[in-house]
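# An overview of the molecular structure
Each chain, letter by letter, is given below.
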Amino acid sequence: MVCSTFELFKIGVGPSSSHTMGPMLAAATFVERVAEAGRLNEVTRLETLLFGSLALTGKGHATDRAVLLGLSGQRPECIEPDVADALVNQIRETSQLSLNGTHQISFDEEADVIFDQKKRLDFHSNAMRLSAFNGDELLDTRVYYSVGGGAILDEDQIGTNDPKTGLWDVPHPFKSGADLLRIAEENDYSIADIMRYNERTGSSDEEISKGIRAIADAMSACIDRGIKQEGILPGGLKVKRRAPLIYGRLMDRQERALSDPLTILDWVNLWALAVNEENAAGGKVVTAPTNGAAGIVPSVLRFYERFAPKADAAGVETFLLTAAAIGSLFKENASISGAEVGCQGEVGVACSMAAAGLTAAWGGSPLQVENAAEIGMEHNLGLTCDPVAGLVQVPCIERNAVGAVKAIEAARLSILGDGTHRVSLDEVIETMRKTGLDMSERYKETSQGGLAVNLVEC
């Protein structure tokens, strides 16, 4: 089974794909389920129980806010941040919530949204149970898992080939990097070709190109908005947005920059910071493959568009389709969830995806693309997820800038070679998976270890 490009790259809101977008989607899906059963008007109370990482860092990741929005019928891909703020404020001020936007109930957030920090469900750390009641009568209940990148599974979808999970049967199925290289060699395809032919299962070429353009445009718009926004990020850490200041300095020293060849990297840093500051503020971003790592692919893609001599729209499509193929391997064989494998599954995977995409857009062979992806992850192995105060700010924002530069370095190293290398991408993915299993839960988006506990002490 293969994950679609449009499942890995989803337009949504910050600050977290797994803790904000996933729970919002789960809440909206559950309310729709009750409505489709014809029982929505019977509901007098709706309870949400959050477990594992969702409970431990949910407050800092705006999970409570996401649940309120989802129960109101809002979805990540459609909602505007300003509208969301007004709706959440209204619910909290009136203690009234309109389920699916149509059925109003009394709502006590403290009693109805429960963070159970002592319990972790077996399948995944990001778990939540939603239950609808009529008085004391249980009308319906469902467990949902937020498995990373804004995707969710309910308790019946685990292990299924369900298009709603982003997995579907395709003409060129691949489960490994070796599969990708074999298919490419046998058919004289690029890795982007393989993804495009698979996407044709459900969409025309015109629809595929239109969808990719929408993703690229949303990434670009996020960079541009992040460059302009000033102020302090929400959450209490008093982190000041740096992108506007850096942008101003780069614009002021344009002539001097002509003598500094590393100025290009300053722009890459700026673009990555801009995206992740937008994400931290709850702005509109694209999962790539997650919100916490949302700045890497857009900044490297803009690097390609601005600085590659022959950059064009076809190159952008090649970049994103190739990145999606690599992301699919990580999602299906390991994880893209910081709550499962640490930040190697977010920033590490994004770095690998961006390195592969850039190599392909530069004209690299499938072997060079696979090499770039391997380099991108190999040097992120063991990266922990230890957000200070449970916020997607420290070290997450800076980590995206470093990851973007590392992706460019990985692409350059692969292009300088002929694609032959000692360690395969598949071996690195398996190493990443096992490293995640060995990693202490303290370093898996729980804010119970690392910088999350040592920053204040220092």
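Definitions and limits used
- Residues numbered from 1 in each chain as written.
- Predicted model: local features only at pLDDT ≥ 70, side-chain atom pairs only at ≥ 80, totals over all residues.
- Heavy atoms only, no water.
- pLDDT = per-residue confidence, 0-100.
- Contact = heavy atoms within 4.5 Å.
- Pairing = 2+ DSSP bridges.
- Helix = DSSP H or I, 4+ residues; strand = E, 2+ residues; numbered from the N terminus.
- Axes fitted to C-alpha atoms, helices over the stretch in contact; angles between N-to-C directions.
- Parallel < 35°, antiparallel > 145°, perpendicular 65-115°, else oblique.
- Nonpolar A, V, L, I, M, F, W, Y, C, P; charged D, E, K, R; others polar.

## Re the confidence of the model for the protein
- Taken as a whole, the protein shows an average pLDDT of 94; of its residues, 97% reach a score of 70 or greater.
- Overall, residues 161-167 carries pLDDT values under 50, and its contacts beyond four positions in sequence, including any with other chains, amount to 19 contacts.

## Remarks on the sheet that holds strand E7 (residues 127-134)
- Taken in spatial order, the 5 strands line up as E6-E3-E7-E8-E9 in an open sheet, and their pairing is mixed. Looking along the sheet, the strands with just one partner apiece sit at the ends: strand E6 (113-116) and strand E9 (151-154). Mean inter-strand twist for the sheet, computed between neighbouring axes without regard to direction, equals 25 degrees.
- Taken together, the 8 bridges between E7 and strand E8 (residues 137-148) define a ladder with antiparallel strand orientation. Each residue of the ladder has a partner; that of Leu130, found in E8, is Arg142.
- This element, helix H2 (residues 17-36), spans strand E3 (45-51), E7, E8 and E9 of the sheet and lies at about 150 degrees to E8.

## Re the environment of Lys228
- Mapped onto the elements, Lys228 comes out in helix H9 (residues 205-228).
- Separated by 15 residues in the primary sequence, Lys228 and Ala243 place their C-alpha atoms 7.6 Å from one another.

## Quick word on the packing of H9 against helix H10 (residues 243-252)
- Where H9 contacts H10, the axes come no closer than 6 Å and their chain directions differ by 90 degrees. One way to sum up the angle between H9 and H10 is to call them roughly perpendicular. On the side of H9, the interface is formed by Gly226, Ile227 and Lys228, while H10 contributes Ala243, Pro244 and Tyr247.
- In terms of residue class, the contact of H9 with H10 is made up of 4 nonpolar, 1 polar and 1 charged.

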